[in-house]
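Architecture and fold: a report
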Amino acid sequence: MSPVLELADLSVRYGGNRVLDIGALSLGQGEVVGVVGANGAGKSTLVNAALGWSRGAAKVSGRIALCGRDISRMPVQKRVGEGLCLIPEGKLIFGTMTVEENLAEGEDEPGDGRRTYGVDDVYALFPRLKERRGHLGSQLSGGERQMLGIGRALRLAPLALLLDEPSIGLAPKLVVTVLETVRELCADGLSVLLVEQNVKAAIAVVDRMILLERGRIVLEGPAAEMKDNPRIAEAYLGAQKR
Amino acid sequence: MNHAVNALVILALVVVGYFLPMAFGGGGAVYSAFVLIAIFAVMSYGLDLIVSDLGEVSLGHPVFFAAGAYATGIISVRLGLGPLPTLAASIGVAMLLAGVVGLITLKLREFVFSLVTYAVTVVGLTLAENWSFLGGSDGLTGIPLFQLDLGFAGYKAVTDKDLWPVAYVLLLAVLWLVSAFRRSTLGKAAMTVHLNPRLATMSGIDPQRTRLMVFLVSAPITASAGWLYAYQRAYISADVLSPYFLILMLTAVVIVGRGLLLAPLIGVALILVQEKFLSFGGYVDRIILGTALILTLAFLPGGIAGAFKAGFRYLRGKAASKSDTIEGGATEWR
Amino acid sequence: MNVGQQIINGLVLGHSFALVAIGWTVLLGVARLVNFAHGQMYMLGAFVTWAAIAEFGLPYMLAVPFSMVVGIMVGFLMQQVLLRLTLKQDLVSIMIVTLGFGHVLHGVAALVFGSTGQILDTPFSTKNVYYGDLWFTWQDVAIVMVAVIVFIALKTVLEKSRLGRIARMVAEDPKLALLGGIDVRKVYFGVFAFEGAAVALAGAVIGPRTPILTSMGFDEVIMTFVVVVLGGIGSVWGSYLAGISLGLFTAFFGALVSPAYTTPAAFLVLIAVLVLRPGGLAAKPGGH
C-alpha cells in the first residue's frame with residue numbers, strides 16, 4: 001500500500017532564493033511525523049508547499065502524491081478536496097464568523113472510504129467548542145482557536161493533516177491536550193505531519209521525527225531513537241532559549 | 001570621458017528631435033501633431049512622478065492640467081497679460097490646488113487615495129461646467145496668440161509650426177526636471193517610501209511630507225502643459241477635465257514601462273499618431289485607447305519595454321539553456 | 001420650499017443611490033475590489049433596457065432581466081481580464097484597468113446607441129401620483145421597492161445561506177478560504193456577476209427618471225463612493241442608510257442652495273468624513 005502522503009524533490013523558492021529542498025519524505029497511514037528545527041529552518045514552508053499554499057509568493061516545484069495520486073498540479077482547493085488539509089500557523093480560523101459557522105463548511109460524502117467528521121463529532125472531540133458555539137472566532141482564546149482550527153480541518157474529511165505549530169502561545173497543559181487529541185485521531189487512521197517548535201511535547205506523540213536545517217532534512221528516525229540524539233537535544237535547547 | 005560622450009549623444013538627440021517634424025514632411029498637420037505630443041507628454045510627466053516614483057495613482061491630474069489652461073485663459077483674456085505671467089499663474093494655481101489636495105489625501109493610500117483624487121476631477125468638471133467665472137459650459141474663448149515680448153526681442157506664434165519651438169523647449173525643460181528629480185534627495189526619498197516604507201521610516205524620511213512635496217513638484221509640470229494647450233487651442237472649456245485626458249495620461253505612463261525617462265513621451269507619441277493619422281473615428285479610438293490601457297496592465301505589467309526585455313531574456317535563456325540560473329521574480333520590475 | 005416634496009424626492013433619490021451602490025459594496029466588501037467602470041455599467045444597464053424596449057419591442061418587465069443578463073456578461077468579461085491581478089491583489093492596477101473598461105464601454109455604447117440622449121419610458125414612469133401638493137411617479141415607487149427588496153435579499157443571503165457564508169469567508173481571508181477547500185475564483189466570479197446584474201438593474205429602474213446619455217456615469221461613481229465610505233466599506237445596512245441620508249441631503253441641498261452643485265457638495269461631505277474619521281475607512285470584512 002502506498003503511503004498517504006509522499007513528497008519527492010520538493011523545492012521552494014522565494015524570489016531568487018531556494019528556501020526548501022526535500023529529497024524524499026513520506027507519511028504512512030495512521031502515522032504522526034514530527035518536523036522540528038530552528039526558526040527559519042523551513043518547517044512551515046514544508047507543510048505549506050505540500051499544499052501549494054502560501055501567504056507570500058513562493059514558487060514550488062516537485063512531486064506531491066496523495067495515496068499514490070500525483071496532486072502537484074492541482075490548485076489548493078482541489079488538493080483540500082482530495083483530503084490534504086492544512087491548519088496554518090497564526091490566523092487559522094475566521095474571526096468574523098461564529099464557531100458554528102466556522103465549522104459549517106464540510107465534506108460529508110467524500111467517497112473512497114474517507115472518514116467524515118460531522119459538526120457533532122467535532123463537538124464530541126472538543127466539548128469546549130460546543131459551549132462556545134455562538135461566539136465569534138475573534139472572541140476565542142488561543143487554545144480554543146487551535147481546537148476550532150483542527151475541527152475545521154476535520155470537517156473536510158482529511159486523509160492527511162498538516163498541522164503547523166499548534167502549541168504556539170498555548171499553556172503547557174493545553175499543548176498536551178491538543179497533541180493527545182491528535183494522537184487519538186491517528187488511532188482512527190488519520191495521518192499527521194506535525195510541525196512543532198516544542199520538541200519535548202512533540203516527541204511524546206510522534207512515531208517518527210525529522211530535523212530540518214536550512215531547508216534540508218538533516219536527520220530522520222523513529223521517535224524513540226531521536227529522543228537521545230544530541231542534535232535533537234540541541235534543537236530542543238535552542239527552542240528553549242527563545 | 002564617458003560624461004562627454006553622454007553629453008554629446010544627448011545634444012545630438014536634442015538637435016535631431018527639434019528637426020523631426022521637418023523630417024516627417026513639415027506640413028501643418030505634422031507640426032500640430034508634434035506640438036500636441038509635446039504638450040500631452042509634459043502633462044503625462046506630472047502624473048508619471050506620482051505613479052512611477054511615489055507608487056500611487058492620482059486621478060486628479062486633469063484638474064492641474066485644467067488649472068494651467070484656465071489660469072492662462074482667464075488672465076490672458078481678462079487681464080491681457082502675456083505668456084510669462086500666465087505661466088507663473090498656472091504654476092501658482094496648480095501648486096495651491098496640489099497643496100490642498102495633497103493635504104486632504106495625506107493619510108490616504110491606494111484605492112481610497114485614487115477615489116478621492118478621482119472625485120476631485122469630477123468636482124472640477126462640475127465646477128467648470130457651471131461656474132460662470134470659468135466661462136461655464138461655453139468655456140473661455142478668444143485666448144490671444146502666444147506672443148513673447150522681452151523688450152529687446154519678441155516672438156509671436158501664429159501657427160502650430162511657430163509654436164513648436166516653445167513646445168519643444170517646454171518638453172526639454174520638463175525632461176530635465178524629471179531626471180533631476182529622480183537624482184535628487186526628494187526623488188530618492190519618494191522611491192524609498194514607495195518600495196520600502198519601513199526603510200524610509202528608519203532612514204528618517206517622513207512619508208507624508210515626501211508625498212506632499214512630490215505632489216507640489218508634479219502638479220506644476222502638468223499645469224504647464226495646460227498653459228501651452230490654452231494657447232494652442234485658443235479656447236478652453238470643461239472638456240479639459242474630461243476623462244479622455246485622464247485615460248491618455250495613464251495609458252502614456254504605463255504603456256511603455258513605468259519609471260523610464262522617455263516612456264511617457266513615447267507613449268503619448270504612439271497614442272497621438274494613432275489618433276491623428278490612423279484614426280477610426282472618435283468612438284473607436286476611445287475603445288482602442290481603453291483597450292490598450294487594459295491589456296497593458298492586465299497582461300504586460302512591465303509595459304512594452306518590459307515585454308521586449310522578457311522576450312530578449314527568453315531568447316537568451318534558450319540559447320544558454322544549460323545554465324539553470326533562473327532569476328525568479330525578476331520579471332516584476334518598476 | 002415644499003418640505004414634504006423634498007422628503008419624497010430625497011427618499012427616492014436615496015434609494016437610487018443605495019441601489020446603484022449595492023454592487024460596489026459587495027465587490028469591495030467581498031473581493032476588496034474597486035470598479036471605476038461602475039458608472040458606465042450603470043449607463044449600459046439603462047441603454048440596454050431602452051434598446052430592448054425601443055428596438056426589440058420587449059415589454060419593460062422583460063427588458064429589465066435582459067439588461068441584467070448583459071450586465072452579468074460584462075461583469076464576467078471584466079473578471080476574466082482582471083483575474084490575474086485579482087489573485088495578486090494588485091489593487092492599483094485593477095483600478096486603472098477598470099477605468100480603461102469604463103472608457104471602452106463608453107466608446108462601445110456611443111457606437112451602438114449613438115451619442116444623442118434618449119428617454120427611457122416605462123409603464124410606471126408616465127403614471128403620476130398626486131397627493132395634496134405632493135407628486136411622484138409609480139417609477140419612484142418601483143425604485144424604492146426594488147431597492148428595499150434587493151437589500152433585504154442580499155442581507156438574508158449573506159447571513160443565512162451557504163453562499164453568503166462562503167462569500168464572508170473569502171471577504172475575511174481568501175487564503176484561509178482556500179484551505180477550507182473553497183474555489184476563491186468562483187466566488188470572485190460570483191461577486192462580479194452580482195455587481196454587473198445589480199448595477200444594470202439600477203440603470204434599468206432609475207434610468208427612466210432622467211434622460212439617458214452615453215456620457216453619463218461619473219456622478220454615479222462619486223455618489224457610490226460617498227455612499228460606500230459613509231456606510232462603512234462593505235457594510236450592507238450602512239450603505240442603505242448612507243444612501244438615504246445622502247439622498248435627503250442632496251434633495252435639500254438642491255432645493256435650498258443649487259441643484260448644479262450637488263456632486264461637489266456630496267464630495268465635501270465625503271472629505272469631512274475622511275478627515276473626521278479616517279479610521280472609519282478601515283475595511284470591515286464580512287459584508288454585514
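A quick note: this is a predicted structure, and the numbers were derived from the prediction, not measured.

**Quick word on the overall build of chain C**
- Scanning chain C for helices and strands turns up eleven helices and two strands.
- Of the regular secondary structure in chain C, the N- to C-terminal order runs α-α-α-α-β-β-α-α-α-α-α-α-α.
- By the compact-globule yardstick of 19 Å for 288 residues, chain C fits well, its C-alpha radius of gyration being 19 Å.
- In terms of principal-axis extent, the alpha carbons of chain C reach across some 60 × 45 × 35 Å.

**A closer look at helix α3 (residues 60-88) of chain C**
Residues and elements named next belong to chain C.
- Here α3 contains 29 residues, and its C-alpha end-to-end distance of 41 Å stays within 8% of the 42 Å for a straight helix at 1.5 Å per residue.
- The largest bend along α3 measures about 60° and falls at Leu82.
- Residue Gln89 follows α3 closely and has a positive phi angle near 55°.

**Overview of the nonpolar core**
- Counting residues in hydrophobic clusters, the biggest one holds 282 residues, and the most contacted among them are Ile39, Val42 and Ala119 of chain B.
- With 19 residues, helix α2 (residues 28-54) of chain B is the single largest residue contributor to this core.

**Overview of the interface of chain B and chain C**
- With 29 residues of chain B in contact, the opposing surface of chain C contributes 35 residues.
- Looking at which element gives the most residues to the side of chain B that touches chain C, the answer is helix α5 (residues 110-130) of chain B, with twelve residues.
- Grouping the constituent residues of the side of chain B that touches chain C by class yields 21 nonpolar, five polar and three charged.

**A word on the environment of Ala160 of chain A**
Residue and element names in this part refer to chain A.
- Its location among the elements puts Ala160 in strand β7 (residues 160-164).
- According to the C-beta neighbour criterion, Ala160 is buried, with 23 such atoms within 10 Å.
- Ala160 sits 141 residues away from Val19 along the chain, and the two C-alpha atoms are 24 Å apart.
- Ignoring any residue separated from it by four or fewer positions in sequence, one finds Ala160 in contact with Val4, Leu5, Leu27, Leu66, Gly83, Leu84, Ser191 and Leu193.

**A word on the sheet that holds strand β1 (residues 5-14) of chain A**
Residue and element names in this part refer to chain A.
- What the four strands build is an open sheet, ordered β2-β1-β4-β5; its pairing is antiparallel. Of all the strands in the sheet, the pair left with one neighbour each is β2 (17-27) and β5 (69-70).
- Bridge count between β1 and strand β4 (residues 58-66): eight bridges; the pairing is antiparallel. Across the sheet, Leu5 pairs through a bridge with Leu66, a residue of β4.

**Description of the packing of α2 of chain B against helix α11 (residues 263-277) of chain B**
Residues and elements named next belong to chain B.
- In the contact formed by α2 and α11, the axes pass within 8 Å of each other and the chain directions differ by 140°. Looking at the two axes, α2 sits oblique to α11. Two packed elements cross with a definite hand, and for α2 against α11 that hand is right-handed. Every residue of α11 that contacts α2 at Ala33, Leu36, Ile37, Phe40, Ala41, Ser44, Tyr45 and Asp48 is listed here: Pro264, Leu265, Gly267, Val268, Ala269, Leu272 and Lys276.
- A breakdown of the residues in the contact of α2 with α11 according to their chemical character gives eleven nonpolar, two polar and two charged.

**Description of the sheet that holds strand β6 (residues 84-87) of chain A**
Residues and elements named next belong to chain A.
- As summarised here, the arrangement of the six strands in space is β6-β7-β8-β3-β9-β10, forming an open sheet in which the pairing is mixed. In this open sheet, the two edge strands, each paired with only one partner strand, are β6 and β10 (216-222). If you compare each strand with its neighbour and ignore which way they point, the axes differ by 15° on average.
- Two elements, strand β3 (residues 32-37) and strand β8 (residues 191-195), share four bridges in a ladder whose sense is parallel. Across the sheet, the residue bridging to Val35 is Val195, located in β8.

**Here's the deal with the interface of chain C and chain A**
- Each partner contributes to the interface: chain C provides 15 residues, whereas chain A provides 18 residues.
- Of all elements in the fold, only α6 (162-172) and α7 (174-179) of chain C reach the threshold of two or more residues within the side of chain C that touches chain A.
- Residue composition of the side of chain C that touches chain A, by class: six nonpolar, three polar and six charged.

**Considering the pairing of β7 of chain A**
Residue and element names in this part refer to chain A.
- With five of its five residues buried, β7 lies for the most part within the structure.
- Direction of pairing for β6 relative to β7: parallel, over a ladder of four bridges. Bridging across to β7, Ile87 finds its partner in Leu163.
- The sheet contact formed by β7 and β8 spans five bridges and is parallel. Within the sheet, the bridge partner assigned to Ala160 lies in β8 and is Ser191.
- Regarding the hand of the β-α-β motif, the stretch spanning β7, helix α7 (residues 172-187) and β8 is right-handed.

**Considering the pairing of strand β1 (residues 128-131) of chain C**
All names here are of chain C.
- When β1 meets strand β2 (residues 134-137), the two strands line up antiparallel, connected through four bridges. When the bridges of β2 are listed, Tyr130 appears paired with Trp135.
- Counted along the chain from β1 to the antiparallel partner β2, the turn is two residues long, and its residue Gly132 has a positive phi close to 65°.

**Observations concerning the confidence of the model for chain C**
Residues and elements named next belong to chain C.
- Of all residues in chain C, 96% attain a pLDDT of 70 or more, and the chain-wide mean is 87.
- Mean pLDDT per element in chain C: helix α11 (residues 262-276) is the minimum at 81, and helix α2 (residues 38-54) is the maximum at 94.
- Among the prediction metrics, the complex's ipTM stands at 0.88, with pTM recorded as 0.86.

**Remarks on the confidence of the model for chain B**
All names here are of chain B.
- Chain-level statistics for chain B give a pLDDT mean of 83 and a share of 94% at 70 or above.
- Taken element by element, chain B is modelled with least confidence in helix α13 (residues 303-319), mean pLDDT 75, and with most confidence in helix α3 (residues 61-79), mean pLDDT 91.
- The model gives residues 320-334 a pLDDT under 50, and that stretch makes 13 contacts with residues more than four places away or in other chains.

**Examining the environment of Ala50 of chain A**
Residue and element names in this part refer to chain A.
- Here Ala50 is to be found in helix α1 (residues 43-51).
- Assessed through the 27 C-beta atoms surrounding it within 10 Å, Ala50 is described here as buried.
- It is 19 Å that separates the C-alpha atoms of Ala50 and Gln197, two residues lying 147 residues apart in sequence.
- Apart from the residues within four sequence positions on either side, Ala50 is in contact with Leu5, Leu7, Ile64, Leu84 and Leu162.

**Quick word on α1 of chain A**
Residue and element names in this part refer to chain A.
- Most of α1 sits inside the fold, with nine of its nine residues counted as buried.
- Every buried residue belonging to α1 is among Lys43, Ser44, Thr45, Leu46, Val47, Asn48, Ala49, Ala50 and Leu51, and all of these are buried.
- Just past α1, the residue Gly52 takes up positive phi, approximately 70°.

**Here we look at the packing of α2 of chain B against helix α6 (residues 160-183) of chain B**
Residue and element names in this part refer to chain B.
- Contact geometry for α2 and α6: axes closest at 9 Å, N-to-C directions at 20°. Considering their axes alone, α2 and α6 lie roughly parallel with respect to each other. Regarding α2 and α6, the two cross each other, and that crossing is left-handed. From α2, Gly28, Tyr31, Ser32, Phe34, Val35, Ala38, Ile39, Ala41, Val42, Tyr45, Leu49 and Asp53 reach across to α6, where they touch Asp160, Lys161, Leu163, Trp164, Ala167, Tyr168, Leu170, Leu171, Val174, Val178, Phe181 and Arg182.
- Taken together, the residues of the contact of α2 with α6 break down into 18 nonpolar, two polar and four charged.

Conventions adopted
- Residues numbered from 1 in each chain as written.
- Chains lettered and ligands numbered in written order.
- Predicted model: local features only at pLDDT ≥ 70, side-chain atom pairs only at ≥ 80, totals over all residues.
- Helix = DSSP H or I, 4+ residues; strand = E, 2+ residues; numbered from the N terminus.
- Rg over C-alpha atoms; globule rule 2.2 N^0.38 Å.
- Expected span 1.5 Å × (residues − 1).
- Bend = angle between axes of the 7 residues up to and from the residue.
- Core = buried A, V, L, I, M, F, W, Y, C linked by C-beta atoms within 7 Å.
- Buried ≥ 20, exposed ≤ 12 C-beta atoms within 10 Å, placed from the backbone.
- Contact = placed C-beta atoms within 7 Å.
- Nonpolar A, V, L, I, M, F, W, Y, C, P; charged D, E, K, R; others polar.
- Pairing = 2+ DSSP bridges.
- Axes fitted to C-alpha atoms, helices over the stretch in contact; angles between N-to-C directions.
- Parallel < 35°, antiparallel > 145°, perpendicular 65-115°, else oblique.
- Left-handed = near helix turned anticlockwise from the far one by under 90°.
- Right-handed = clockwise from strand over helix to strand, strands pointing away.
- pLDDT = per-residue confidence, 0-100.

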